[in-house]
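Close look at the chain arrangement
The residues making up each chain are set out below.
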Amino acid sequence: MVEDPSAGLQLPSVKVEMDGRMIDSDTITADDFFTLKPNELWLMSDQYRDTVQLTLLSDRFDNLNGRVGQLAKLSKLQGISRIRSLDDAAPLLFQHTVYKSYPMSLVEKGRFDLLTRWLDGLTVHDLSGVDVSGCSGFDSWFDALEAQTPLRPNHSTGTSGKLSIIPRDTKDLERFELNHLRQMDPFGSEPDRMAAIRAGNAPIPIVYPSSRHGRHVAQRMLDGLVRRMGSEATTYVLYDDFLSADVASLAGRVRGASMKGTLEDMKIAPGLLGLYRASLERQSAQANDQERFFERVLADLVGENAFVFGNVPLLYAWTEMGEARGLKSLFGAGSSITSGGGLKGSEVPADWRVRIEAFLGAPIRLGYGMSELIAGAAECPHGVYHLSPFTIPFILDPATGAPLPRSGTQTGRFAFFDLLVESYWGGFVTGDKVTMTWGGCECGRKGPYFDPLIERFSELEGGDDKISCSGSNDAHEEAMAWLASKASELG
Amino acid sequence: MTTIDVPLIIRGQIIDSDMKSFNARAGAVDFRAPDLFAHMAKIPVQAHALRDLYSLTLDEIIDFMAMVGARLDLDTNEHLAAAFEMSSHTSGIARPILEALYRNTPKVFTREVICNFIERQIGRDYLEGWVRKPLAPGQVLNVRAFGARSVHVIAGNSPGVAFLTILRSAVTRSDTIIKLPSNDPLTATAILRTMVEIDATHPVTRHLSAAYWKGGDERIESSLYQPRNIEKIVAWGGFASITHITKYLQPGIDLITLDPKHSASIIGSQALASDAAIEEVAHLAAVDIGSFNQELCANARVIYVVCDDQDPEQMEKLNRLGERILAAIQALPPTISTPAKEPNPELQAEIEGIATQEDFYRLYRTADDSVGAVIVSQFDEAVEFSDILYNRTANVVPVPDIEDALRRISAAQQSIGVYPDTLKREIRDALAIQGAQHIVSLGKVTQMGFIGPQDGLEVERRMLKWVREMSID
């Protein structure tokens, strides 16, 4: 498969038998790869995994380079026309900012035509004919895209004030949903964490202590879980509502205007302001929602085995509510509790894990992933996070961005290539500082794994108390107060 | 990893016990400093303790400061040399420029400069005695300015801040506790140690203290920031540091904030009138962007240029201006500006994000990211990350007219460089009303000096207590 011997990496083709078929590492497709079972995925040799990953990556690049505009520009800029080794792709990974590189003012000015043109540069799908004339915000723009194209985008929560938009399509979304189911399959002699929940073959109880619907990755995941192994009737959410991308981005937009001093010039559509007010009212009515949620869970699920997920701050907030009600060991010991997502700057005490587990009644399995990645990493019984072979890791030197060797233990910026998405370029550089080790783990999984300590570079910069006359005020509180006053003027 | 000891200096006493470790720059420089909490009892003074400062004439204070200044020679003063060495690791300003700062700034501690400073900033008579102001027949108002017990939370991005703070404290006869910044804990310390060596019992020495504690340390701040201990707090920079302090505000404590600022340029359409104009403006803008490696609040970051973003011909000229600004930044002599000392990964990631978004932005940069970059917006909006434009990175933004540019200025922008010169007089009132605090010709923003108001305030006058004594027949 490697035509140029001078390229440095020469891997012989490797053939393995899977499900009675011979799979050849030289000709494998992403669909073939995706059918591998946990024992095959986690036990494949480094050489086999590297070969398959390189084959798929190289093919993917050839396939997308002419079709994804932003990739074509980047590859031209970097002078790269072929990928002959995994590290060849390092200069072609998109910075995490790429998926939010649209000017925020396009939304303010209602220029959804330009926003569509921006997104067009990130997907293989042709968006030039999409009619966005009726769009008034992110939600209606996503509606238009989904009605007229195969796109099924997801968006970030906009903690930084601006939504990232990941242009997945229907096939990517299906892979995303299926991958979540498959990564629950047991490896080796480890217990099947889903066995007790699935026993009885009825739709399983799914518990998620936040909003039911939306295009954020958690809601996309919930949709898949409900459709593929649960049911609406056995789904327990704190808020049975839609997480609006417009509301999620509003805080960031107002904050930006506040920092620029243009707050009073900002026009927010009354409809959106109404949505925002509803979300504020919901927060103030949170006690009622929580009560209803608890009542339903207590009535139906005490001692039952359930599938529970949510990021740590979310599960911790729920635990505090449960503790206040004197509840513990809420679910059956055969429940599956999945969490991750970092602590997102929230104040969670050091004993969060013990307390969440005591409240929920089953052990948590932590994972590490992000909206932009389908197959992330999950915790093994030895406490490290194993990265799915569907994802090619890169550990980049924090200063130079150059890839560090794929051997031993390396600390740096995490970047990846997501092999499971095919309609957009899966190469992505995160803002996370990680430590990755290549070499086997005592749990038996081969391949690289993460140390559990994962930090954000943006939170690590500067000294203890660096003070400079140069800078800007954080206008977050001012922005929120302004928004609340505008919403209350709505009448 | 380098570890440096920063002593605690309380009123002429140098303390180096109860050391705790702190971080000066993540992963690169650590320092150890005494835990101030263990020495808290020595920190506050009663009001009457300030009387000894009034046993001195202003001339005696000036003479002492001049004596200190003469000893602040980088080649012979080991404390100042250590401060320079540490700053060269923690500051974003390049070593040769820092060295020039450490050599030149002590010159403000000379009799001539101090006398001028006193006269221009306060008025010597008010510091020397009661100034008589007859109001009406039989009514005389006498006014005198008195020093206060103060804490100065100072910035560490330039050593000039430590020099200025000590000068202000001495001439106003204040009792001053300097809260040291982690990015420059040694410059103020070096000046105070030099004072101690000259005369540890001199009233000026006895009313200056310097301590590092981590901003927000409640053990220290809740007992220090009490009206019985402190009358004034002068807080530089850092949103977080000011937020900590506001918790302790109550009647009796006067907070003087020198907020973190950014600065901008406003450039008229004349800049695009000819190739020669483009070259001239590019050079001037580059000086405002690049001086002191863009580490100061006065440095330009967003450059507004009057230009029709719908006119391809004008936009082509604007893009050329952006390209020429980058070239001019590269041409700045190393005594003014150098390539970045450290990459800023957050900024680099943002730049990569827009690098290929030609619909919205043109990016001018070289293969070496440390050189700097110029982003030319192709429509009338600055980039959303304009608050992290560092390492000689600027955003050129077309605006339809000067009035539009003015609307974008607020109190968050300290210095506004204006081109052409004739425009400056036309818009200075409007700029001031918008909130700008320092209006100057393009290319001159960092030539601010110590004379004049700072951030819209007469800081020295605010540091003083203005007392009236009346005679009424």
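Conventions and cut-offs
Residues numbered from 1 in each chain as written. Chains lettered and ligands numbered in written order. Predicted model: local features only at pLDDT ≥ 70, side-chain atom pairs only at ≥ 80, totals over all residues. Heavy atoms only, no water. Contact = heavy atoms within 4.5 Å. Buried area = accessible area lost by both parts, 1.4 Å probe. Salt bridge = Lys/Arg side-chain N within 4 Å of Asp/Glu carboxyl O. Helix = DSSP H or I, 4+ residues; strand = E, 2+ residues; numbered from the N terminus. pLDDT = per-residue confidence, 0-100. Pairing = 2+ DSSP bridges. Axes fitted to C-alpha atoms, helices over the stretch in contact; angles between N-to-C directions.

Contacts between chain B and chain A engage 54 residues on the former and 39 residues on the latter. Interface of chain B and chain A: buried area, both sides summed, is about 3800 Å²; carbon and sulfur atoms make up 50% of it. Residue Lys109 of chain A pairs with Glu381 of chain B through a salt bridge whose shortest N-O separation is 3.8 Å. Among the elements of the structure, β4 (19-25), α10 (239-246), α13 (345-354) and β15 (361-365) of chain B are those that each provide at least two residues to the side of chain B that touches chain A. When residues of the side of chain B that touches chain A are assigned to their parent elements, the largest contribution, 7 residues, is made by α13 of chain B.

Another aspect to go through is the confidence of the model for chain A. In the predicted model, chain A carries a mean pLDDT of 86, and 89% of its residues have values of at least 70. The low-confidence segment residues 1-11 of chain A (pLDDT under 50) makes 18 contacts with residues lying over four places distant or belonging to another chain.

Residue and element names in this part refer to chain B. Spatially, 7 strands are ordered β15-β16-β17-β14-β13-β18-β19 in an open sheet, and the strand pairing comes out mixed. Lying at the two open borders of the sheet, with one neighbouring strand each, are β15 and β19 (438-441). On average, each strand axis in the sheet is tilted by 20° relative to the strand beside it, whichever way the strands run. Bridging between β15 and strand β16 (residues 373-377) involves 5 bridges; their strand directions are antiparallel. From the neighbouring strand, Tyr361 faces β16, where its bridge partner is Ser377. Contacting β13 (262-267), β14 (300-306), β17 (393-399), β18 (413-419) and β19, helix α11 (residues 275-290) crosses the sheet at an angle of about 165° to β18.

Take the environment of Leu280 of chain A next. With respect to the helices, strands and loops of the structure, Leu280 of chain A is situated in helix α12 (residues 270-284). Through-space distance from the C-alpha of Leu280 of chain A to that of Ala487 of chain A is 8.9 Å; in sequence the pair is 207 residues apart.

Our next topic: the sheet that holds strand β9 (residues 175-179) of chain B. Residue and element names in this part refer to chain B. Taking strand neighbours across the sheet as the criterion, the 7 strands line up as β3-β2-β10-β9-β8-β11-β12 in an open arrangement whose pairing is mixed. The open sheet terminates on both sides in strands that have one partner only, identified here as β3 (13-15) and β12 (254-258). Averaged over neighbouring strand pairs, the angle between their axes works out to 20° when direction is ignored. Note: strand β11 (residues 232-236) against β12, 5 bridges, orientation parallel.

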